[in-house]
Amino acid sequence: MSMGHTASPQDTVGGLTATEHRLANGLRVVLSEDHLTPVAAVCIWYDVGSRHEVRGRTGLAHLFEHLMFQGSEQVKGNGHFELVQGAGGSLNGTTSFERTNYFETMPAHQLELALWLEADRMGTLLSALDEESMENQREVVKNERRQRYDNVPYGTAFERLTAMVFPDGHPYHHTPIGSMADLDAASLEDARDFFRTYYAPNNAVLSVVGDIDPEQTLAWIERYFGSIPGHDGKRPPRDGSLPDVIGEELREELREDVPARALMAVYRLPHDGTREADAADLALTALGGGESSRLYNRLVRHDRTAVSAGFGMLRLAGAPSLGWLDVKTSGDAGIAEIEAAVEEELTRFADEGPSPEEMERAQAQLEREWLDRLATVGSRADELCKYAVLFGDATLALSAVQRILEITPEEVRAVAAARLRSDNRGVLVYEPTPTTDEEQGTETEGEQK
């Protein structure tokens with residue numbers, strides 16, 4: 001078997017292990033044996049996301065995720081779904097700024113089918129890709145854009161805020177959904193070139209987790225993936241680094257048909273894979289991670305100016321991570337009042353840091369979330385791929401919990417003081433459009449139509 005080096009197993013949380021292997025064509029393979037239930041998860045991460053796209057061709061990574069379900073040489077039309085579901089499995093794919101992934105969870109005895117299907121589309125998709133499937137999926141993605149972004153309350157908030165904090169020309173300035181105009185402009189040749197460049201075995205990590213025989217699994221992987229040629233034409237993603245602090249508050253107000261006033265903000269945070277990112281995650285968890293958090297207690301329980309208040313983190317490796325604040329107001333509460341309360345709480349947190357109870361609760365919450373992700377075979381397969389693609393070592397996924405528990409309260413306070421500042425955020429304010437009755441009365445000041 002034409003394998004390269006094989007990493008030794010690494011024992012960590014709950015005795016979980018993972019081994020890494022490499023095929024001669026460059027495909028990295030991660031295996032994690034777990035006989036608790038008779039299922040096996042297959043996950044493949046291609047090192048391509050919207051950050052690899054160029055101006056005028058946004059949305060190509062996401063469009064391609066859809067094209068991968070349109071059939072390959074030996075699997076026609078919707079066959080991928082039909083074969084997996086017919087065998088009692090489930091499947092899907094997603095696109096982010098930094099990767100495109102595909103995954104199946106199968107009864108263990110159907111593992112070979114999932115591996116064969118993934119290999120068939122990696123090796124032969126171009127033979128099935130034609131104008132008809134391209135047009136079909138272009139319309140599907142445009143409909144997805146309408147349903148998830150353009151025609152739902154607050155739907156374009158994420159797109160607007162990322163465009164604010166990642167300046168024009170930055171690889172993360174646009175989100176993976178892409179623009180309607182760019183989706184229309186994408187040609188079949190664009191798609192073929194994209195596939196040849198990024199859907200090569202040496203640009204992918206394949207993980208298999210669950211009730212598996214590692215030796216048999218490696219033999220299947222070598223049989224189905226081993227003959228697919230590598231490709232050396234990939235361009236590295238453009239540099240996504242930025243100053244730690246924006247240097248000013250960026251702000252936009254929208255008047256739309258939304259259920260309630262909303263205050264949303266995005267802060268630039270440390271890159272994923274750093275100790276500072278873990279500290280930032282703990283800060284946001286203490287401040288806005290659930291109903292026991294500081295902002296929820298202040299705005300929803302105490303002031304009663306909001307019906308919801310959350311602060312979460314989008315971890316990014318190739319650009320600053322994002323801290324996402326989302327507050328929906330209650331009744332006639334004004335945005336200025338809410339902003340003043342948020343600012344007061346952030347300032348106090350930056351000065352004093354988390355209380356011992358907040359620190360303990362935040363660490364317990366993140367630990368539980370990590371352990372939940374490692375507990376299911378599908379999520380563990382995804383985490384192993386993530387750490388292999390973004391950080392070069394799949395086994396880092398198994399020790400992530402430990403790193404969270406090593407962070408000190410002072411590190412949490414310091415990152416909040418350095419980053420959760422009014423000159424380091426993009427702010428989006430939603431004001432509901434007036435009801436018909438209000439429209440018949442006097443327009444409020446500044447509400448010009």
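Scroll up a little and you will see the structure.
This text gives an overview of the structure that appears in the document. Bear in mind the structure is a predicted one, so any value in this text is a computation, not a measurement.

**Some thoughts on the overall build of the protein chain**
Turning to step 1, where the next piece is worked out: If you tally the helices and strands in the protein chain, you get 16 helices and eleven strands.
Turning to step 2, where the next piece is worked out: Seen along its three principal axes, the alpha-carbon backbone of the protein chain occupies a region of about 70 × 50 × 40 Å.
Turning to step 3, where the next piece is worked out: Taking all 449 residues of the protein chain together, the buried fraction comes to 53%.
Turning to step 4, where the next piece is worked out: Carbon together with sulfur atoms contributes 49% to the accessible area of the protein chain, which is approximately 19,100 Å² in total.
Turning to step 5, where the next piece is worked out: For the protein chain, the centre of its 43 positive side-chain charges and the centre of its 76 negative side-chain charges are spaced 2 Å apart.

**Observations regarding the sheet that holds strand β7 (residues 250-256)**
Turning to step 1, where the next piece is worked out: The five strands lie next to each other as β7-β11-β8-β10-β9, forming an open sheet whose pairing is mixed. On the outer flanks of this sheet lie β7 and β9 (306-314), each paired with one strand and no other. Each adjacent strand pair in this sheet contributes to an overall mean axis angle of 10°, direction not counted.
Turning to step 2, where the next piece is worked out: Each of β8 (262-269), β9 and β10 (321-329) touches helix α9 (residues 275-288); the most contacted strand, β9, lies at about 175° to it.

**Quick word on the packing of aromatic side chains**
Turning to step 1, where the next piece is worked out: With the rule as written, the count across this model stands at 18 aromatic pairs.
Turning to step 2, where the next piece is worked out: Taking the centre distance of 5.4 Å and the plane angle of 15° together, the rings of Phe195 and Tyr199 count as stacked.
Turning to step 3, where the next piece is worked out: Through successive ring pairs, a cluster of aromatic residues spans Tyr46, Phe64, Phe69, Phe81, Tyr102, Phe194, Phe195, Tyr198 and Tyr199.
Turning to step 4, where the next piece is worked out: Sitting above the plane of the Trp45 ring, Arg99 keeps its charged end 5.0 Å from the centroid.

**Brief notes about the packing of α9 against helix α15 (residues 409-419)**
Turning to step 1, where the next piece is worked out: It is the contact of α9 with α15, at a shortest axis distance of 8 Å, that shows an interaxial angle of 85°. The angle between α9 and α15 places the two elements in the roughly perpendicular class. Contact with α9, carried on its side by Arg275, Glu276, Ala279, Ala280, Leu282 and Ala283, involves Glu411, Val412, Val415 and Ala416 of α15 and no other residues of that element.
Turning to step 2, where the next piece is worked out: Here the residues of the contact of α9 with α15 sort into seven nonpolar, no polar and three charged.

**Some words on the pattern of salt bridges**
Turning to step 1, where the next piece is worked out: In total, this model carries 37 salt bridges according to the counting rule given.
Turning to step 2, where the next piece is worked out: Where Arg121 meets Glu104, a salt bridge forms, and the shortest distance between an N and an O atom there is 3.7 Å. One end of the pair, Arg121, is in helix α3 (residues 111-128); the other, Glu104, is in strand β5 (residues 100-107), with 17 residues separating them in the sequence. The residues Arg121 and Glu104 share a single accessibility class, namely buried.
Turning to step 3, where the next piece is worked out: Look at the salt bridges and you will find they share partners, linking Glu249, Arg251, Glu339, Glu343 and Arg425 into a network.

**A closer look at the sheet that holds strand β4 (residues 90-95)**
Turning to step 1, where the next piece is worked out: The sheet built from six strands is open, its strands ordered β1-β2-β6-β3-β5-β4 with mixed pairing. At either margin of the open sheet sits one strand with a lone partner, and together these are β1 (19-22) and β4. Ignoring strand direction, the axes of neighbouring strands in this sheet form an average angle of 15°.
Turning to step 2, where the next piece is worked out: Pairing geometry for strand β3 (residues 39-46) and strand β6 (residues 204-210), over seven bridges, is antiparallel. In the strand pairing of β6, Ala41 is matched with Val209.
Turning to step 3, where the next piece is worked out: Most of the contacts of helix α1 (residues 60-67) go to β4, to which it runs at about 165°, and overall it touches β4 and β5.
Turning to step 4, where the next piece is worked out: On the sheet, α3 packs against β3, β5 and β6 and is oriented at approximately 155° with respect to β5.

**What about the environment of Leu67?**
Turning to step 1, where the next piece is worked out: Looking at the secondary structure, you find Leu67 in helix α1.
Turning to step 2, where the next piece is worked out: Judged by its relative accessible area of 1%, Leu67 falls in the buried class.
Turning to step 3, where the next piece is worked out: When the C-alpha positions of Leu67 and Val48 are compared, they lie 15 Å apart, and in sequence the two are 19 residues distant.
Turning to step 4, where the next piece is worked out: In contact with Leu67, other than residues within four places in its own chain, are Leu125, Leu129, Ser133, Met134, Gln137 and Ala191.

Rules behind the numbers
- Residues numbered from 1 in each chain as written.
- Predicted model: local features only at pLDDT ≥ 70, side-chain atom pairs only at ≥ 80, totals over all residues.
- Heavy atoms only, no water.
- Helix = DSSP H or I, 4+ residues; strand = E, 2+ residues; numbered from the N terminus.
- Buried < 20%, exposed > 50% of the residue type's maximum accessible area, 1.4 Å probe, protein only.
- Areas by Shrake-Rupley, 256 points an atom, 1.4 Å probe, with all protein chains shown as cover.
- Lys, Arg positive; Asp, Glu negative; His and termini not counted.
- Charge placed at Lys NZ, Arg CZ, Asp CG, Glu CD.
- Pairing = 2+ DSSP bridges.
- Axes fitted to C-alpha atoms, helices over the stretch in contact; angles between N-to-C directions.
- Contact = heavy atoms within 4.5 Å.
- Phe/Tyr/Trp six-rings, centres within 6.5 Å; stacked < 30°, edge-to-face > 60°.
- Lys NZ or Arg CZ within 6 Å of the ring centre and 35° of its normal.
- Parallel < 35°, antiparallel > 145°, perpendicular 65-115°, else oblique.
- Nonpolar A, V, L, I, M, F, W, Y, C, P; charged D, E, K, R; others polar.
- Salt bridge = Lys/Arg side-chain N within 4 Å of Asp/Glu carboxyl O.

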